[in-house]
Amino acid sequence: MTGRLYPVIQTGAFILLALILCSLIFAAVGLSATETLRAILDGAFFRPNALSYILRWGLPLLITAVGVVISFRAGYFNIGAQGQFYLGAICAAFAAEWLRGSPAFVAVPACLLAGMAGGALWALWPALLRVKAGADEVITTMMGNFIAAQILVHVTSGPLKDPSGSGQQASSRPIEAAWRISDSSGSSLIIIAIAALVVLLGWWLVNRTSFGILSGLAGRNPVMVTWQGAKVQRIAISAFVLSGALAGLAGSVELMGPNGRLASGFLPDHGFTAILIALVAGMSVIAAAFIALFFGALTSSGLWLPVMTGLPSSAIDIINASIALFITAKAGVFRGLLIRLRR
Amino acid sequence: MEDLIVAFLRSGTPLVYVTLAGVIAQRAGIWHLGLEGMMITGACATILGIVLAQSVLVGLVAGALFCCLLALLFWFVVEVLKANQIIAGLGLTGLGLGGTALTLTAIFGSEGAVSAPFGLPRLGAAFGAFGGLSILVAAMPVVVFACWLLLCRTRFGLRLAACGEHPFAARATGVNPVTVRLVALLLGGPLCALGGAELAAGSLQIFSVNMTAGRGFMSFAAVIFGAGHPLGATLASFFFALVGALGIRAQLTYGDRIPSSLLLALPYVATVIGLWISARMRGGNTAFSRELGQQ
């Protein structure tokens, strides 16, 4: 039991450390740390319809986070979830444009599949650069994020631009009302079902298939896996493509569900938050399901804060960043320090 | 042509300063993905120093101090708590981006842009077309040379490289890699602050949220592209700046035919291609994935 409990305690301790850092930063800019944190919690869990908001923000994050788990377990730092998410939304929007007029039972699955394909393709080129040329995937996927953001700007102000649209933010024409898988509140049975399916399949893939076992080993000891004759390159490419496809699925779910149209620069922190969820969950798909709902609550709180309390929404960014700073720290260090102190 | 060179120097100088900070960290064995967060902190502190204290010097010193504080935090997390460098670096970047946004809201009440009445001192009319450039542009070659001297021609530079390439060997000769890395990261603090200062106060005299727009990450790519050598990395960041300047020029000339947002993506595409070329030339590691902090 202690073996299972220990990582949880360790994670909790480092999140506490992250919160202390946040409080220091809030205090440094002149905000009351306790009041800010309480307001964030209020916005996350105790406002009217909190559960519906948590599901709206948490479920797409969960879908992307399962993908991140798959690629991180294989030992590949695919930090391009944001770009793959954008490309998924863009491809789904193009599919929706081409299929205009067709019935919903054809169009909705087609758009979701197009989103997955888009995300997978945006993960494929860093994967190929990684296994064929050895270009580091951390930088290529990150540059992919920036390129994807520019493609999104281009698409929403060019090919898919809504001619009747006005206002500052460029956006595409709205998705046909009959195709929306949720209203703009964003929590619907279809999205819950998609997320549940992703978690189930993700869990099965990671824990019950040879790909899952081998990729987990490849992440910890690639030399051994290579010597055992497993095709590490194939595992790498599959891991990248799967994680990209899931991020793309999340993008198309956001498009067909709560957003209803493609807007330039939407949800810029989605990918980073999904990476955090995967890390806090300790690379477990089941844990990610719960952690994603927590981060979904934080995200919804970030939108609530400026409206209801006048606190800046960047307070949430600070919390996320501090958690990122500490989450991969190893608590064994403390034990080492204690031993050294006793001497 | 002169316009192009001026535009090139303007976009290149911030990159070079931040790249040098990345090179020092890289040689000491730290992948510094927090450069973006330190750069924006430097930019914010410089503009706030000019606005609140009416002094460029106060801004620069404050920027350097805050960047050193971030560097210290990064060192503590990465070297003492043994956190994963990439994730912690992304966290540091998030802290810089979010922290500057929070600071703006706390001081001015909204996350907008802050413009300063004056910027860094300029070279002056004596330099003709280049007179509008800041003194940091002129100081850049000196700083690059000093970094090269420090890293490649001194005992300290050798020790630093030893800590990056073979920490056990360094330890065997009595050099503590953990301490050397602290020095390396702290040296990067003022460099990032100068890069941010040049970006915000060099020609624009304005600070806005997220204004670095990935330049820190581009600098990091330049470090990798330049194989961690100060001169190679400087050339790499010049290359990215040149692509950026050419992109802006193309936007002015062919803006009606080529969409501007795709031209804005050019430096990032160049970074990917540059990385690909350097990996091919040096024979990158194609087989093995990295060791991951699996919990």
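Only a predicted model underlies this, so the values are computations on that prediction, with no experimental measurement involved. (Residues numbered from 1 in each chain as written. Chains lettered and ligands numbered in written order. Predicted model: local features only at pLDDT ≥ 70, side-chain atom pairs only at ≥ 80, totals over all residues.)

Peer 1: Run through the overall build of chain B, naming residues and quoting values.
Peer 2: Along chain B, the regular secondary structure elements total 12 helices and 2 strands. Ordered by position from the N terminus, the helices and strands of chain B form the series α-α-α-α-β-α-α-α-α-β-α-α-α-α. Its C-alpha atoms give chain B a radius of gyration of 19 Å, within 12% of the compact-globule value 19 Å for 295 residues. Seen through its C-alpha atoms, chain B measures out along the principal axes to roughly 55 × 45 × 40 Å. (Helix = DSSP H or I, 4+ residues; strand = E, 2+ residues; numbered from the N terminus. Rg over C-alpha atoms; globule rule 2.2 N^0.38 Å.)

Peer 1: Quick rundown of the overall build of chain A? Include the residues and the values.
Peer 2: Along chain A, the regular secondary structure elements total 14 helices and 0 strands. Going from the N terminus to the C terminus, chain A shows its helices and strands as α-α-α-α-α-α-α-α-α-α-α-α-α-α. Viewed in the frame of its principal axes, chain A has a C-alpha envelope of about 75 × 55 × 35 Å. The 343 residues of chain A split such that 57% are buried. Of all intrachain contacts in chain A linking residues separated by at least 6 positions in sequence, the fraction that spans at least 24 positions is 79%. (Buried ≥ 20, exposed ≤ 12 C-beta atoms within 10 Å, placed from the backbone. Contact = placed C-beta atoms within 7 Å.)

Peer 1: Any chance you could break down the nonpolar core for me, citing the residues and the numbers?
Peer 2: Ranked by internal contacts, the top residues of the largest apolar core, which has 222 residues, are Ile277, Ala278 and Ala288 of chain A. Look past the residues within four positions of alanine 288 of chain A in its chain and what remains in contact with it is Leu62, Ala65, Val66, Val69, Ile277, Ala278 and Ala281 of chain A. (Core = buried A, V, L, I, M, F, W, Y, C linked by C-beta atoms within 7 Å.)

Peer 1: Report on the packing of helix H1 (residues 2-27) of chain B against helix H8 (residues 177-201) of chain B, specifying residues and quantitative values.
Peer 2: Residue and element names in this part refer to chain B. Running from amino to carboxyl end, H1 crosses H8 at an angle of 170 degrees, the nearest separation of the two axes being 7 Å. The pairing of H1 with H8 is recorded here as roughly antiparallel in orientation. Facing Thr13, Pro14, Tyr17, Val18, Leu20, Ala21, Ile24 and Ala25 of H1, the residues of H8 in contact are Ala184, Leu185, Leu187, Gly188, Leu191, Cys192, Leu194, Gly195, Glu198 and Leu199. Per-class residue counts for the contact of H1 with H8 are 14 nonpolar, 3 polar and 1 charged. (Axes fitted to C-alpha atoms, helices over the stretch in contact; angles between N-to-C directions. Parallel < 35°, antiparallel > 145°, perpendicular 65-115°, else oblique. Nonpolar A, V, L, I, M, F, W, Y, C, P; charged D, E, K, R; others polar.)

None of this, on its own, says anything about what the molecule does.
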